[in-house]
Every structure is written in structure tokens, then in C-alpha cells.
Amino acid sequence: MESKQLDSEIIQKNEAAFSEQERHGFYKTLFNRRDVRGQFLPKQIPDDVLSRILYAAHHAPSVGFMQPWNFMVIRSPEIKQKVQQDFALAHQEAELMFEEEKRDTYKSLKLEGILESPINICITCDRERTGPTVIGRTHMKEMDLYSSVCAVQNFWLAARAEGLGVGWVSILHHQTLRETLKLPANVVPIAYLCLGYVSKFFKKPEPETANWLPRTPLEELVSFDSWGSDEHGDDPLIAQIKKDKNFPRAF
Ligand SMILES: Cc1cc2c(cc1C)N(C[C@H](O)[C@H](O)[C@H](O)COP(=O)(O)O)c1[nH]c(=O)[nH]c(=O)c1N2
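All values reported here derive from a predicted model rather than from experimental measurement.

So, about the pattern of salt bridges. For the coordinates displayed, the defined rule picks out twelve salt bridges. Taking the shortest distance from any N to any O, the salt bridge between Glu112 and Lys110 comes out at 3.6 Å. Accessibility expressed as a relative area gives 7% for Glu112, which makes it buried. Asp126 is the salt-bridge partner of Arg129, the closest N and O atoms lying 3.3 Å from each other.

Here you go:
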């Protein structure tokens, strides 16, 4: 059943279409978003800019419109210091988890900008936000977590459009983070983010530049109707994807 909406609540066809320039702006934001770790500037972030980015995050899709997220703005040097100390510990432990020949490269990567960025943000998921039964979450309980991840992506893209860098830090001990931020039992930390103006944005992901991993060709990731299905390699969509391989670089 189609839900009833007033005429004033419906976007008319011509208003829904994006102009060429608007579409360009969207793809420009998307393909130029980067994970930022080492290029943060101490410049303060005006509240109107942060407010717009938070609105973008808050308008992410969510299962059953659950909106399970909260946005914790972390400005306290003491809290940032505590999180950074935990990162240092986890980072040391992480090093030993990689094969020996990769350890030097791992150590050379900068993987957080907790103290250099003026603001850290923790995006969380309240697993009990709208009660036990949620439309769309009756069978796949993890959908609330995925909803908060959608908010993270909106946040990241809006920040990029505003000229700010975001760095996601997940080399942390879950329990320590919970305690540091005083999270109640029903709230899960989804993303610990560093936010700030930057001296530059890199063109490519840092792991790609450091020869850690290349970007996988998109055609290897697209299948038809069931897992794998290599026999569709000659599908016109695959041919189109290969033809468009420079599309992201056009922005
Ligand atoms: C869930 C999750 C968790 C992390 C990340 C990302 C995501 C999605 N990334 C950033 C990651 O390395 C980066 O996104 C990829 O290397 C691709 O680069 P761009 O984001 O395209 O610049 C990340 N980066 C980092 O330096 N330290 C970290 O702990 C993490 N953790």
C-alpha cells in the first residue's frame, strides 16, 4: 500500500532531477573522500560547519527509521589522550599479528590523528532505541549497527564536501573505549572519528600508495544471480564497467 502524502510533501519530478553540475558535485565529493590520518591542521571547526555535517549524518537511512545513532563530540584533551594511549597499546599488539615481512610497512603507516585533529567524534548505536520490535529488524538483528554505519558514511562525505578530513580509528580495545566514553550497556561504539581541516587530501588511499593492497577491479566483484558466476564475464554490464574504469578519475 502506498502511503498517503500531501502534495507539499512530494518532490515534483523536475525538482527530483539533479543537474549535470549537481551530479558532478556529488561524484566529486564521493571520489575525493579520503581517510585522513596525518594532515590535520589545528584550525578550529566553526559550529555551523559541524552542525551541517551532523545533520547530514542524522539523515542517513536507518532500519525502521530507528535512528539508533548518537554523536559524541570529543573536545577534551584528557579523553583524547586516553583514547590515543589505548591506540598505542593496540597498535603494538596489532604489529605482531601481521606476517614478519609486512611488519615494517605496517609500522611505517600512520593510522590515527587523534591528538592532531581538533575534534574527535564517536558515532554510536543504541541497540534498544525504539524498543524490541523494529520494522526490518525482526529477523536480522544487526541492521541497527549497519544503520549507524550509514550515518558514518554520510558524515564522512559531508565533511569532505565542507573541505574537512575524517579519519576512522578502529585500532582500539572495545571495552576500554566503552569505559573511557562511559557508554551504557545498550550502546555500541561504531566509529571513532578524527575530524579537522587538512593541509592536503591524497589522491589515492594510503594503503594503495604504500603498496599494501591495490584497489580491486570492480568487474571482479560483480556477479549475477548467485555467488561467483564467472561464466557471465561477457555480460554487457561487465564490458561497460571495464570501459568506465577511468570514471572515478574524471572528478
Ligand atoms: C570500518 C573502518 C575502520 C577503519 C578504516 C575504515 C573503515 C571503513 N580506516 C580507513 C581505511 O584504511 C581507508 O578507508 C581505506 O584505506 C581506503 O582509503 P580511503 O578511505 O579511500 O582514503 C582506518 N584507517 C586508519 O588509519 N586506522 C584505522 O584504524 C582505520 N579503521
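Considering every residue of the protein chain, the mean pLDDT works out to 95; 98% of them sit at 70 or more. Scored as a complex, the prediction yields pTM 0.96 and ipTM 0.99.

This brings us to unusual backbone geometry. Look at Gln67: it is not a glycine, yet its phi comes out positive at around 45°. Here Gln67 shows up in the loop between helix H3 (47-58) and strand S1 (69-74). Located in the positive-phi region is Asn211, a residue other than glycine, with phi close to 55°. Here Asn211 shows up in the loop between helix H8 (206-209) and helix H9 (236-243). Under the relative-accessibility criterion, Asn211 is labelled exposed at 68%.

Before going further, it helps to examine the packing of aromatic side chains. Inspection of the entire model under this criterion finds eleven aromatic pairs. A centroid spacing of 5.6 Å and a plane angle of 90° characterise the contact between Phe31 and Phe247, whose relative ring orientation is edge-to-face. Of this pair, Phe31 sits in helix H2 (residues 20-32) while Phe247 sits in the segment after H9, placing them 216 residues apart in sequence. With relative accessibility at 24%, the residue Phe31 sits in the partly exposed group. Between Trp156 and Trp168, the aromatic rings sit 6.0 Å apart at their centres with planes inclined by 55°, giving tilted as the arrangement. Taken together, the residues span a long stretch of sequence, with Trp156 in helix H6 (residues 143-161) and Trp168 in strand S3 (residues 164-169) at a distance of twelve residues. By way of ring pairs, the aromatic residues Phe26, Tyr27, Phe31, Phe247 and Phe251 are connected into one cluster. Directly above the ring of Trp156 sits Arg33, whose terminal nitrogen or CZ lies 4.5 Å from the centroid.

About the cut-offs
Sequence order as written defines the numbering, with residues in each chain counted from 1. Per-residue local features of the predicted model are confined to residues with pLDDT of at least 70, and side-chain atom pairs are confined, for both listing and counting, to 80 or more; whole-chain, interface and lining totals are unaffected and use all residues. Only heavy atoms go into the side-chain values, all of them from the structure, while hydrogens and water stay out. Salt bridge, as used here: a side-chain nitrogen of Lys or Arg that lies within 4 Å of a carboxyl oxygen of Asp or Glu. Buried, partly exposed and exposed residues are distinguished by accessible area as a fraction of the type maximum, computed with a 1.4 Å probe on protein chains only: under 20%, between the cut-offs, and over 50%, respectively. Values of pLDDT, the confidence the predictor places in each residue, fall between 0 and 100. Think of it this way: any DSSP run of H or I at least four residues long counts as a helix, any run of E at least two long counts as a strand, and we number them from the N terminus. Any pair of Phe, Tyr and Trp rings, taking the six-membered ring for Trp, is counted once the centres come within 6.5 Å. Such a pair is stacked with planes under 30 degrees apart, edge-to-face with planes over 60 apart, and tilted for the rest. The rule is short: NZ of Lys or CZ of Arg within 6 Å of the ring centre and within 35 degrees of the ring normal puts a charge over the ring.

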